[in-house]
Amino acid sequence: MRRFAVVTGIGFLLLGGAINPAAAQLTLFGSVPNLAGTDSSLVTINPGTAAASVVGAIGYAHVAGLAGRPSDVTLFGTTGNNGQILTINLLTGAGTMVGSPDGLPVGGLAFSPGGTLYATCSRASFSGPDTLCSVNQITGFLTSIGSGLEYVGTYNRPFNGLAFDGSGTLYASTGSTAVGGPTLYTVNTTTGVATAVGQIRNSMGVQITSGVQGLEFVGGTLYGSTAAGHLITIDT
């Protein structure tokens, strides 16, 4: 049975990614912006060396959140600042727009164990707090859940990473410029309320300075990708 887990991030080479465990082989996918900021490329990344190999141009700029649909190994992405929802061909890298509901920012993406696609999005305005949203996988339409995640600042300081653990608990992470710095949260998928688990710290117990842009559970271990381009593990 093919499983499709996801790591989403923004960093040195990685704006978003997915781990595809097929035939006992892990492939890390990421998206890399071009220098002009007008397009992104889908890449595969060697998790041991961080070497990236280009699959192809996605055809959309600033592709950030990525999430894999387990049922058919379809890769979804979001363009971040303007909230376009895409599917991405894993063989060619080409993106196809599913929808662009309101042009407001959409950050992290994550599939629940039951197959619902969730996102962090700024639904009210560019300056409003992030909210947890569910995503219609056919139209790209976003439905807000609750009145908003715990406020962390304006649209350029959002909740970024999203990941479900094996029991169905949703985790979220924040960027370095968020109030309180990089922090791990759990999110109630019924109310949309985020509850802090704790600051994300290094092995010396010091809070890291680089925002955690992506999260994913792999084999019960929570991985994060940082804005500095590092892959880390996080104690939940």
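The text that follows walks through the structure, step by step, so that each part is easy to find. (Residues numbered from 1 in each chain as written. Predicted model: local features only at pLDDT ≥ 70, side-chain atom pairs only at ≥ 80, totals over all residues. Heavy atoms only, no water.)

1. Side note on the side chain of Thr 78
Here comes step 1: Secondary-structure assignment places Thr 78 in strand β7 (residues 74–78).
Here comes step 2: With relative accessibility at 0%, the residue Thr 78 sits in the buried group.
Here comes step 3: Of note is the side chain of Thr 78, whose polar atom sits 3.5 Å from the backbone oxygen of Gln 84.
Here comes step 4: Dropping the residues within four chain positions of it, Thr 78 is found in contact with His 62, Val 63, Ala 64, Gly 65, Gly 83, Gln 84, Ile 85, Val 106, Gly 107 and Leu 109. (Helix = DSSP H or I, 4+ residues; strand = E, 2+ residues; numbered from the N terminus. Buried < 20%, exposed > 50% of the residue type's maximum accessible area, 1.4 Å probe, protein only. Polar contact = N/O pair within 3.5 Å; in protein donor to acceptor, adjacent residues only side chain to side chain. Contact = heavy atoms within 4.5 Å.)

2. Some words on the nonpolar core
As a rule of thumb, soluble globular proteins bury nonpolar side chains together.
Here comes step 1: Grouped together as the largest cluster of nonpolar side chains are 13 residues, with contacts concentrated most on Phe 76, Ile 85, Val 106, Leu 109, Leu 117, Val 135 and Leu 142.
Here comes step 2: Of all elements in the fold, only β10 (106–111), β11 (117–121) and β12 (131–135) reach the threshold of two or more residues within this core.
Here comes step 3: Tyr 118, Leu 132, Phe 159 and Leu 162 belong to the second largest nonpolar core, which has 12 residues in total. (Core = buried A, V, L, I, M, F, W, Y, C linked by side-chain atoms within 4.5 Å.)

3. Things to note about the sheet that holds strand β14 (residues 159–164)
Here comes step 1: Taken in spatial order, the four strands line up as β14-β15-β16-β17 in an open sheet, and their pairing is antiparallel. Single-partner strands in this sheet number two, and they are β14 and β17 (194–199). With strand direction ignored, the average angle separating the axes of adjacent strands in the sheet is 30°.
Here comes step 2: In terms of strand pairing, β14 meets strand β15 (residues 170–174) through four bridges, oriented antiparallel. By the bridge assignment, Phe 159 is partnered in β15 with Thr 174. (Pairing = 2+ DSSP bridges. Axes fitted to C-alpha atoms, helices over the stretch in contact; angles between N-to-C directions.)

4. Concerning the sheet that holds strand β6 (residues 66–69)
Here comes step 1: With antiparallel pairing, four strands are arranged side by side in an open sheet as β6-β7-β8-β9. Only two strands of the sheet have a single partner each, and these edge strands are β6 and β9 (95–99). The sheet shows a mean angle of 30° between the axes of neighbouring strands, taken without regard to direction.
Here comes step 2: Where β6 and β7 come together, four bridges link them in antiparallel fashion. The residue bridging Gly 68 from the neighbouring strand is Leu 75, located in β7.

5. Describing unusual backbone geometry
Here comes step 1: Look at His 62: it is not a glycine, yet its phi comes out positive at around 55°.
Here comes step 2: For His 62, the location among the structural elements is in the loop between β5 (52–57) and β6.

6. As for the state of the cysteines
Here comes step 1: Across all of its chains, the model carries one disulfide by this definition.
Here comes step 2: Bridging Cys 121 to Cys 133, the disulfide has an S-S length of 1.9 Å. Taking the torsion about the S-S bond as the criterion, the Cys 121 to Cys 133 disulfide, at about 100°, is right-handed. With Cys 121 in strand β11 and Cys 133 in strand β12, this pair connects stretches of sequence that are 12 residues apart. (Disulfide = S-S within 2.5 Å.)

7. Notes on the packing of aromatic side chains
Here comes step 1: Tallied over the entire structure, the rule returns two aromatic pairs.
Here comes step 2: Ring geometry for Phe 76 against Phe 111: centres 5.7 Å apart, planes inclined by 65°, an arrangement best described as edge-to-face. In this pair, Phe 76 sits in strand β7 while Phe 111 sits in strand β10, placing the two residues 35 residues apart along the sequence. Assigned by exposure class, Phe 76 and Phe 111 land together as buried. (Phe/Tyr/Trp six-rings, centres within 6.5 Å; stacked < 30°, edge-to-face > 60°.)

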